[in-house]
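The primary structure of each chain is shown beneath.
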Amino acid sequence: MPRGGPALVASLLGFSVITIDVSAVNIALPAVQGSLGGAMTGLQWVVDAYTLTFAALMISAGALADRIGARRAYVLGVALFTLASLACALSPDITVLIGARGAQGAAAALVMPASLALIRHAYDDARARARAIALWTVGGSVAMAAGPVLGGLLTDSAGWRAVFLLNLPVGVVILGLLVRVAASPRRPAALDRAGQLTAVAALAGLAFTMIEGGHRGWTSLPVLASAGLAVAAGWAFVAVERRQRRPMVPLELLGDRRVAVPLAVGFALNAAFYGGIFLLGLYYQQVRGMSGIAAGLMFVPMSVLVTAVNLVSPRLAERVGRRPVIVAGQVVFVGAMAALLPLGTDTPLWLVLVLLVPLSVGGALTVPALTALLMDAVPGDRAGTASGLLNALRQTGGALAVALFGGLLAAPGGGFSLSGMRLGLLVVGALLLATAALSRLALPRE
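What comes next is a walk through the structure. Since this is a predicted model, take the numbers as computed values, not measurements. (Residues numbered from 1 in each chain as written. Predicted model: local features only at pLDDT ≥ 70, side-chain atom pairs only at ≥ 80, totals over all residues. Heavy atoms only, no water.)

## Some remarks on the overall build of the chain
Thought 1: Each helix and strand counted, the chain has 17 helices and zero strands in total.
Thought 2: Against the globule reference of 22 Å for 446 residues, the chain gives a C-alpha radius of gyration of 20 Å, in line with a compact fold.
Thought 3: When the backbone C-alpha atoms are referred to their principal axes, the chain occupies close to 55 × 45 × 45 Å.
Thought 4: Looking at the 446 residues of the chain, the share that counts as buried comes to 58%. (Helix = DSSP H or I, 4+ residues; strand = E, 2+ residues; numbered from the N terminus. Rg over C-alpha atoms; globule rule 2.2 N^0.38 Å. Buried < 20%, exposed > 50% of the residue type's maximum accessible area, 1.4 Å probe, protein only.)

Written out as structure tokens, the structure is:
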């Protein structure tokens with residue numbers, strides 16, 4: 001195996017397993033509800049407890065990876081994720097499951113930036129590093145698309161708890177590979193506790209507002225209070241970061257459009273993809289009456305397309321430039337949101353599969369070029385921080401999309417609201433259209 005091989009394989013496995021846990025759990029949600037109970041809000045929190053802690057802690061986790069070394073951070077993150085997965089599998093009720101999912105998200109927050117920084121330090125040659133990052137991105141995208149298939153197969157054949165038990169042997173394999181990886185360099189990086197606290201408060205307030213607003217009413221006192229908390233904490237976060245000597249989000253990085261634009265695009269892409277997976281998983285099972293396996297198999301063509309396009313995207317970016325690829329991918333994704341609008345109770349399943357084509361292509365085309373652009377825009381000693389920031393924004397986009405769709409999908413009497421689904425698709429499509437225009441106007445030519 002090449003010198004960087006163990007680091008690349010370990011990074012791929014870790015990135016894949018923390019990504020699978022998002023989309024696989026979406027397919028398992030009806031089974032979780034049947035086993036543990038809980039309304040739509042409980043199911044939303046099962047998803048968002050993971051993605052929110054993932055997003056909120058990712059930025060500090062990136063700094064921690066720089067401070068203690070990528071390999072050490074990766075070992076710690078994988079070990080904690082494996083233990084939290086066991087806690088999820090053993091959960092006796094929905095409340096414990098939500099708490100264990102939060103612990104999983106905290107561990108995943110450390111795994112994500114450390115995995116990319118591990119690759120960054122394992123490959124000195126820029127072209128070899130670009131190929132390794134492309135493979136890392138392919139692995140994550142394939143895992144995101146394949147998660148529903150795996151989730152459906154495991155849920156119907158062995159129960160929803162098997163989705164989490166699968167993480168245990170994978171964690172052991174990753175830890176074994178890391179023994180062969182050289183220690184990573186360390187960089188002095190202060191842990192910004194005030195910034196982290198205000199970031200957590202802002203995201204928690206925003207998520208509570210989005211999730212509970214659709215169920216309690218947007219003018220209810222708890223929802224208004226959480227919205228106020230989100231605004232106040234967000235303002236405090238910016239104020240704290242401006243005054244910190246070593247902030248967890250170096251605001252000067254955001255002044256570089258090669259950094260700021262990928263962050264905005266990453267947010268929009270995950271909002272569209274995670275929102276789409278969440279609504280389709282429920283649509284297949286609650287509207288069309290499919291089993292978990294059948295619903296998961298509906299995502300197989302998507303998995304194949306994502307894999308193929310991920311392999312083509314880096315080569316296409318080398319030929320025509322990253323900006324055209326990033327813009328085109330987002331435009332395709334806007335088409336995906338529009339294509340899903342006609343879905344109804346009797347839409348032929350073959351047509352549903354056809355409508356998923358642009359959903360598969362859009363993100364797979366954009367993400368490799370987006371990630372490579374960001375990694376080239378920052379110095380090597382900021383790789384962990386930049387990676388953490390990008391993925392924090394991506395996870396935040398996914399979490400807020402689930403919160404939005406969950407509130408809109410709940411029809412009176414607990415059914416599935418097709419009109420609510422269409423409104424959510426329009427909102428996310430408009431967001432993608434805005435970031436596509438931003439990419440076209442603000443990203444530099446190559």
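## Concerning the packing of helix H2 (residues 40-68) against helix H4 (residues 94-122)
Thought 1: Contact pair H2 / H4: the axes reach a minimum separation of 6 Å and the direction vectors enclose 30 degrees. Taken together, the axes of H2 and H4 are roughly parallel relative to one another. Viewed along their axes, H2 and H4 form a crossing whose handedness is right-handed.
Thought 2: Per-class residue counts for the contact of H2 with H4 are 21 nonpolar, six polar and one charged. (Axes fitted to C-alpha atoms, helices over the stretch in contact; angles between N-to-C directions. Parallel < 35°, antiparallel > 145°, perpendicular 65-115°, else oblique. Left-handed = near helix turned anticlockwise from the far one by under 90°. Nonpolar A, V, L, I, M, F, W, Y, C, P; charged D, E, K, R; others polar.)

## Points about the pattern of salt bridges
Thought 1: Tallied over the full model, the rule gives two salt bridges.
Thought 2: For Asp-21, the salt bridge is made with Arg-101, and the minimal N-O distance between the two is 3.6 Å. One end of the pair, Asp-21, is in helix H1 (residues 5-36); the other, Arg-101, is in helix H4, and 80 residues separate them in sequence. A single burial state applies to Asp-21 and to Arg-101, both of which are buried.
Thought 3: Between Arg-258 and Asp-256 there is a salt bridge; the shortest N-O distance is 3.0 Å.
Thought 4: Residue Arg-258 is classed as partly exposed on the basis of its relative accessible area of 31%. (Salt bridge = Lys/Arg side-chain N within 4 Å of Asp/Glu carboxyl O.)

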